[in-house]
Number of protein chains: 2
Amino acid sequence: MNGAESVVRSLHAAGVEVCFANPGTSEMQFVDALDRTRLLRCVLGLFEGVVTGAADGYARMAGKPGVSLLHLAPGLANAGANLHNARKARTPMITLVGDHAVRHRGYDAPLTADVAGAAAPFADWVDTARSSESFAAQAMEAYAAATGHPGQGAVLIAPADLGWDEGGVEAGAPAATGPAAVDTDAVERARAALAGGERTVILAGGSALEDHQTLARLQGIAAATGAVIMAPTSNRRIERGGGRADIRRLPYPIDLALETLAPFTRAILVETQPPVAFFAYPGKPSLLLPEACEIVTLAGIDGDGPGAIAALADIVGAAPRTETRVSRPEMPGAGPITPEALAAALAHALPEGAIVVDESITAGRALYDATSDAAETSWLAITGGAIGIGPPLATGAAVACPDRPVIAMQADGSAMYTIQALWTQAREGLNVTTVILSNRAYEILKGELRAVGSNPGPDALAMLNLDRPELDFVSLARGMGVPGRRVEDARELMEAIRTAASEPGPFLIEAAIAG
Amino acid sequence: MNGAESVVRSLHAAGVEVCFANPGTSEMQFVDALDRTRLLRCVLGLFEGVVTGAADGYARMAGKPGVSLLHLAPGLANAGANLHNARKARTPMITLVGDHAVRHRGYDAPLTADVAGAAAPFADWVDTARSSESFAAQAMEAYAAATGHPGQGAVLIAPADLGWDEGGVEAGAPAATGPAAVDTDAVERARAALAGGERTVILAGGSALEDHQTLARLQGIAAATGAVIMAPTSNRRIERGGGRADIRRLPYPIDLALETLAPFTRAILVETQPPVAFFAYPGKPSLLLPEACEIVTLAGIDGDGPGAIAALADIVGAAPRTETRVSRPEMPGAGPITPEALAAALAHALPEGAIVVDESITAGRALYDATSDAAETSWLAITGGAIGIGPPLATGAAVACPDRPVIAMQADGSAMYTIQALWTQAREGLNVTTVILSNRAYEILKGELRAVGSNPGPDALAMLNLDRPELDFVSLARGMGVPGRRVEDARELMEAIRTAASEPGPFLIEAAIAG
């Protein structure tokens, strides 16, 4: 058994079922091993950012690590933005990246570059295979690193010759680190904070958002104590809808975020850090909680959020509650697709059990609240701010959950970073409905430009508008084997989403956003 | 004057005319400064790999550095593959990448990552702006680093607040390093090597390929001494055609490269290193010259190739010669587009003064030799092996040379990494004719898989074939505002290239490759 086969067999034995791949010459021994063993489903992406974004979406839904196979330092760089997003989501990710054979490294061949250096900024754990004998054991260390709590990004560099060489030894995964135990002192501090009569916000992230029971407990705590419950702006996955408890998110725009948090004198943190602005702006703070706000960490990033919340609910005597926050907007009538009409269309079109992928940026500002009272869904969002996550994230989620329709609410500018994912959706026959929110601009950047005090002139607007030429997403989709249509009416949009989600295979809807 | 404006003014004063950009929030002060000063032409790319690939193509043709503006570590990662290609080409590149404001760095905001770390594997020179006062001077150090001989990739990290802050001071560029002077001892060693009656190859790269006179001198040396002249497989730019001297390239496939170099007992190197295989293969050497081959370095990578060649021609008494190597193939008749017919079609379609961008990979194997006797062209190739350079390289070359038609011979699989470049071509009205060589496979990888001893089965072939679904490049182009057509006949292809190249604006031809 060669090194590559030992890795494939060990990953499979640990429970890995899918490998997202964009291989090159230095990974041919893995292609060969995957081919001979037929143990893993191989999902091909035409671009590496598709591969790692799909691995992320898969892992968020499958409860298994997302495994990718990439080609050398440039391939890893192409994958970097979505490795970054996955890392900020704390998604468990195992990325195998081929390198030149050890003996070939010193000669400055065209593709030679520092693979470990390219990995470091976008991974929590990086290692290089040392021998065909140790290769599988090192892959299993990567597995353990990735799947420990909280999830991590692990990159294992695979010199080509160690994959070819015989002597591979199948290996089991070492035990992964579980979450830190519930800290009873922290629970008591949180109880005291809630009892003090101060205005208190509970900010809960990570795994606390991923089960209905924990969210119901949080809602119960809010009802019992008067605290406000809130999630970070961007999260790996939120379970919501279907009449269950639903959690408010901290808004993105800095002024709105500051205003939202201004009333609070106490904050209790669960699997999240003190909230920070996406960017710094002249004359505005970086940290979003008021300076005088007292912070109690109920569970750290590495903690057991659900356990700590259960303990807190217990100690404050709060029963779980499950009511929606915002009632469903009226069904949209015929008319232009304003952001509000878009949100209403989604709220009424969402089928039970759908997965929503949210890279909607500006035009999607109303989507989240409007769907509080909609069908039961899993809500996945861009987590690291690196745009171009949506199409691949939807692809991977659909691979993980073939029986659940995926609806991707996708900003147009961001879609163009990883539009190649549509081809993988067609190839794999995935039920992904991509709704392109076509405002033909990097609309968010216009706000950002004003936020730094600029009054944009023609050259600035030329760098923020995407209207010359207009992008025709229906043609782009057709070019990759995905049928689609453009819709300019809100009622038609609702019906188009319903139809597409109820039919197998991918579909793209270009929604012309008004205003 | 704020820091951003001081940088823009200093770059302009040094001769920079174009900025290729994909900015985000942390670069808004640059967008503002570019807008207010209107000193540079801003060319927007929808993806960062388009931006740096276009900057590379621009620099290869303009004789000026390629300047890019990017957004934080994920944006730099997206740009990494084409920064890698530019670095291997030794193209002068200045990449400005925004970072969070200094005060914001410590808070782990969503987009926080190690920008300098992400830059290091793909740059020769990396620095971070220290203050608004020093910002322009540091940008000019980047300018000098990039434009010294041989060209380098320089990355300057721009914390957002240093761009906003007042106190910017316009700066001039320090003197850039010129090429090392001609080494008369090396010239004498080369003369002695040529006089010894051994079979000698002269391998010439870098700036030696960029003027007709130097190539004619090389051809004269070959005629006078019996040496064989050869260029590396991939080069920044070769000037050729129009009845001038033309240089053979070392072939890509390892067996063919070894066979080509096997006869030589002496090698003279000019602005290139000892040739190395793209990849290591089991049982085959990494270095391509025979082990016993004696190597004489006439001019190092940092040397003055043209000067050294002139001195050598002088000492061996060789007059310049200008004959083509390979006669033009017959005009293609009606029939399927085999690689040979494709090559003949290009040879007869090329207009005088065209720029050829060659990312043709397998299907383009015959293109280069078939155009030895064609019209005068500049030939630009993928240099670092990171696929996805073609569409942006063509874009940048067309920005540099608006009066010269650009013909991009483009493999289909590689095109999909940076297909977004078509939009920029439409936006800027560039005369780029993209010929997609549609074989619906990563054809080269099938050869690579066999080279490592595998007999590919269905899973392996599924990762190397792009036929499920078929990519429809005409629809993709239409989606980005570029007209196009699919062609299945060789004669029609020739005519289509001629027509497209003679008309303004971009056009895409999907050529169905047979066999």
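Residues numbered from 1 in each chain as written. Chains lettered and ligands numbered in written order. Predicted model: local features only at pLDDT ≥ 70, side-chain atom pairs only at ≥ 80, totals over all residues. Heavy atoms only, no water.

### Observations regarding the domain arrangement of chain A
Residues and elements named next belong to chain A. Split by domain assignment, chain A resolves into domain 1 (3–164), domain 2 (184–316) and domain 3 (339–512). Centre-to-centre separation of domain 1 and domain 3, based on C-alpha positions: 28 Å. Taken residue by residue, the interface counts 26 residues in domain 1 and 29 residues in domain 3. Summing the contributions of domain 1 and of domain 3, the shared interface buries around 1,900 Å²; its carbon and sulfur component is 68%. Taken together, the connections running from domain 1 to domain 3 amount to one salt bridge. With its nearest N and O atoms 2.9 Å apart, the salt bridge here joins E428 to R41. For the pair domain 1 and domain 3, the interface holds ten residue pairs in polar contact (both at pLDDT 80 or more). (Domains from an automatic or database assignment. Contact = heavy atoms within 4.5 Å. Buried area = accessible area lost by both parts, 1.4 Å probe. Salt bridge = Lys/Arg side-chain N within 4 Å of Asp/Glu carboxyl O. Polar contact = N/O pair within 3.5 Å; in protein donor to acceptor, adjacent residues only side chain to side chain.)

### A short note on the side chain of T52(A)
Residues and elements named next belong to chain A. In this structure, T52 sits in helix α3 (residues 48–62). The exposure class assigned to T52 is buried, which follows from its relative accessible area of 0%. When residues no more than four places from it in sequence are discounted, the contact partners of T52 are S68, L70, A79, N82, L83 and M93. (Helix = DSSP H or I, 4+ residues; strand = E, 2+ residues; numbered from the N terminus. Buried < 20%, exposed > 50% of the residue type's maximum accessible area, 1.4 Å probe, protein only.)

### Observations regarding the sheet that holds strand β2 (residues 41–44) of chain A
Residues and elements named next belong to chain A. Strand order in the open sheet formed by six strands is β2-β1-β3-β4-β6-β5, with parallel pairing between adjacent strands. The sheet is open, and its two borders are formed by β2 and β5 (125–128), each paired with just one other strand. Taking each pair of neighbouring strands and ignoring which way they run, the sheet shows an average axis angle of 20 degrees. Set on the sheet, α3 makes contact with β1 (18–21), β3 (66–71) and β4 (93–99); between it and β3 the angle comes to about 170 degrees. (Pairing = 2+ DSSP bridges. Axes fitted to C-alpha atoms, helices over the stretch in contact; angles between N-to-C directions.)

### A look at the interface of chain B and chain A
The interface is formed by 98 residues belonging to chain B together with 98 residues belonging to chain A. Among the residues chain B hides against chain A, the three largest losses belong to P110(B), R427(B) and M463(B). Together they make up 9% of the total. Summed over the shared surface of chain B and chain A, the result is four salt bridges. Its salt-bridge partner being D108(B), residue K88(A) comes within 2.6 Å of it at the nearest N-O pair. If you look at where chain B meets chain A, you find 44 residue pairs in polar contact (both at pLDDT 80 or more). Mapped by element, the contributors of at least two residues to the side of chain B that touches chain A are α2 (28–37), β2 (41–44), α4 (72–89), α5 (115–119), α16 (421–428), α17 (443–451), α18 (458–464) and α19 (473–479) of chain B.

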